[in-house]
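Observations on the model geometry
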Amino acid sequence: MELNDDLVVEIISYLPLKLAVRCKVLNKNFNSWISDPKFSQTLLQHQNISTLLLYSSSDRSSQHFHKIFINPIVTTEYKTTLPVNVDVVASSKGLLLLNFGEVVGFCVFNPLTGAHQLIPYPKPTKDYRTRIGNACLAVDYPTSDQYKLVTIGQLGGKEGGYKFQVFSSEGSDGMWHKFQLRMDLSNTFSNFLSCNPVYVNDSVHWLRNDGRVVAFNTKREEATVLDLPEFINHHDPIHGTIKPRFDTWLGIAQGLLTLICLFKKSTVIASYDYVTNNWRVTHTSANFIKGVSRFRHNFGFPIWIDNKQVLFLLDRRHVKEVRHLYEYDSEMNRYKIAAVLDKDDRVTLYRLPAFSPTLASVHKTLSAVTVTVDLKHLSAITATLDELKRFITEGTC
């Protein structure tokens with residue numbers, strides 16, 4: 001039959017994601033249609049996409065990966081062992097940013113399609129310090145099929161400030177590009193908290209331990225520091241005091257940059273308005289778990305916020321040797337234990353990236369890393385990515 005192109009695309013959009021990906025190999029036209037970001041918008045309208053929380057644990061001989069389905073929450077244990085240790089640094093629009101350490105550096109990976117790109121670390125300089133864990137993946141899919149990898153470091157010397165290094169999928173040279181923000185050292189010297197950087201409004205955001213936020217606009221290649229919300233210093237006395245280093249968390253809620261602050265008796269949620277350049281309080285509620293007064297001191301902090309669903313992790317190994325994942329539903333106005341996580345002390349829980357599968361492309365650029373990686377390491381990396389692909393997509397819509 002001769003089918004209309006639009007009708008073919010419509011038919012494929014109703015297929016499960018795994019089958020839609022396989023249709024790319026039928027011919028060049030199918031590959032072009034399915035690779036078009038516009039197709040993803042049609043696809044998402046017809047799919048009930050599963051979102052996962054990913055975290056890792058390790059023992060003396062190997063590393064294990066875990067996943068939890070969060071919409072709806074499935075508490076069945078999903079676990080796999082990987083050939084090579086790897087950290088999931090960030091997740092964005094269906095792509096994962098992996099860190100293979102000194103063996104190769106970064107890797108941008110789409111677990112659904114299996115496509116990946118190896119990227120070497122940016123070269124360090126004498127006046128520049130960076131932490132690999134502060135790297136962020138800025139993905140614009142499906143608006144465009146491009147992404148950027150951004151790292152941040154503090155500048156030394158008499159003048160303070162930050163240096164940003166950016167790797168773009170649009171580049172053909174496979175090189176990092178540097179941008180600097182020079183500022184008064186007294187206003188900028190502050191370490192970053194371990195919560196994931198946030199990409200929203202074309203900007204990557206890092207939360208500092210003084211409560212301020214460093215923002216780098218990936219389109220204009222400009223940086224700024226967002227001031228503290230007024231309520232942190234001028235709050236109602238009933239809230240008590242707050243220490244941003246221990247009591248704040250940065251995330252995204254309803255497409256907005258969101259700051260959560262845990263006071264002694266209440267939790268305050270605020271979103272940042274880029275039009276007025278101010279924080280606006282959107283929600284205030286009483287603390288739901290008795291005896292929790294600090295996010296970090298009690299290892300309790302929010303790890304997922306999406307519309308009306310909130311997941312809150314509470315780690316009380318020093319009391320009950322258990323980690324509980326609580327779920328809050330504003331319509332029911334209550335919390336309940338949604339899952340019990342691995343009790344192993346070596347489980348990494350301060351980073352639980354949320355992953356939703358898409359057909360976002362991973363670009364191939366010429367890079368020195370393809371030349372420097374040893375063949376035996378490359379083989380182990382390939383095996384690790386294959387196992388991650390199988391593990392993440394198994395049971396995923």
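- If you look the protein chain up in an unreviewed UniProt entry, it shows as F-box protein At1g20360-like from Nicotiana tabacum.

1. Overview of the sheet that holds strand β19 (residues 266-273)
- Within the open sheet, the 4 strands sit side by side as β17-β18-β19-β20. Their pairing is antiparallel. With partners counted over all chains shown, the strands left at the sheet margins are β17 (248-253) and β20 (278-286), one partner each. Between one strand axis and the next, the sheet turns through 25° on average, direction left out of account.
- Across 5 bridges, the pairing between strand β18 (residues 256-262) and β19 is antiparallel. Following the sheet pairing, Thr258 is matched in β19 by Ser271.

2. A look at the pattern of salt bridges
- Under the definition given, this model contains 7 salt bridges.
- A salt bridge links Lys219 to Asp140; the shortest N-O distance between them is 2.9 Å. Placement of the pair is Lys219 in the loop between β15 (213-217) and β16 (222-226) and Asp140 in the loop between β9 (136-139) and β10 (147-155), with a sequence separation of 79 residues.
- The class of Lys219 is partly exposed, set by a relative accessible area of 45%.
- Between Arg220 and Glu222 there is a salt bridge, and its shortest N-O distance comes to 3.2 Å.
- What makes Arg220 exposed here is its relative accessible area of 55%.
- Owing to a relative accessible area of 45%, Glu222 belongs among the partly exposed residues under this scheme.
- A single salt-bridge network, built from bridges that share partners, covers Asp140, Asp202 and Lys219.

3. Section: the sheet that holds β16
- Here we have 4 strands laid out as an open sheet, ordered β13-β14-β15-β16, and antiparallel in their pairing. Both outer strands of the open sheet, β13 (198-200) and β16, are each paired with one neighbouring strand and no more. With strand direction ignored, the average angle separating the axes of adjacent strands in the sheet is 25°.
- Two strands pair when backbone bridges link them, and β15 and β16 are joined in this way by 5 bridges, in the antiparallel orientation. Paired with Asn217 across the bridge in β16 is Glu222.

4. So, the environment of Leu378
- Mapped onto the elements, Leu378 comes out in helix α9 (residues 375-393).
- In the structure, Leu378 is positioned 274 residues away from Val104 in sequence and 8.7 Å away in space, judged by C-alpha atoms.

5. Some remarks on the nonpolar core
- Ranked by size, the top nonpolar core spans 31 residues in total, and within it Ile12, Leu95, Leu97, Val108, Leu137, Leu149 and Leu359 carry the most contacts.
- Shared between two domains, this core holds at least three residues of each, these being domain 1 (1-47) and domain 2 (48-393).
- Setting aside anything within four residues of it in sequence, one finds Leu359 in contact with Val21, Ile34, Phe39, Leu43, Asn110, Leu112, Thr113 and Tyr141.

6. Observations concerning the environment of Gln180
- Mapped onto the elements of the fold, Gln180 is located in strand β12 (residues 177-183).
- In this structure the C-alpha to C-alpha distance between Gln180 and Gly153, which are 27 residues apart in sequence, comes to 9.7 Å.
- Residues within four places of Gln180 in sequence aside, it is in contact with Leu155, Tyr162 and Lys163.

7. Topic: the pairing of strand β2 (residues 63-70)
- Burial runs high along β2: 8 of the 8 residues are buried.
- Alternating residues of β2 divide into Gln63, Phe65, Lys67 and Phe69 and His64, His66, Ile68 and Ile70, and every residue in both groups is buried.

8. Describing unusual backbone geometry
- Cis geometry is found at the peptide bond from Tyr141 to Pro142, where omega equals 5°.
- Tracing the backbone through its elements, the reader meets Pro142 in the loop between β9 and β10.
- A positive phi is found at Asn201, a non-glycine position, where the angle reads about 55°.
- Positive phi, normally seen in glycine, also occurs at Glu221, with a value near 55°.

9. Looking at the confidence of the model for the protein chain
- Mean pLDDT over the protein chain: 76, with 74% of residues reaching 70 or higher.
- This stretch, residues 291-299, has a pLDDT under 50; its non-local contacts, to residues over four places away or in other chains, come to 41 contacts.

Quick notes on the rules
- Residues numbered from 1 in each chain as written.
- Predicted model: local features only at pLDDT ≥ 70, side-chain atom pairs only at ≥ 80, totals over all residues.
- Heavy atoms only, no water.
- Pairing = 2+ DSSP bridges.
- Helix = DSSP H or I, 4+ residues; strand = E, 2+ residues; numbered from the N terminus.
- Axes fitted to C-alpha atoms, helices over the stretch in contact; angles between N-to-C directions.
- Salt bridge = Lys/Arg side-chain N within 4 Å of Asp/Glu carboxyl O.
- Buried < 20%, exposed > 50% of the residue type's maximum accessible area, 1.4 Å probe, protein only.
- Core = buried A, V, L, I, M, F, W, Y, C linked by side-chain atoms within 4.5 Å.
- Domains from an automatic or database assignment.
- Contact = heavy atoms within 4.5 Å.
- pLDDT = per-residue confidence, 0-100.

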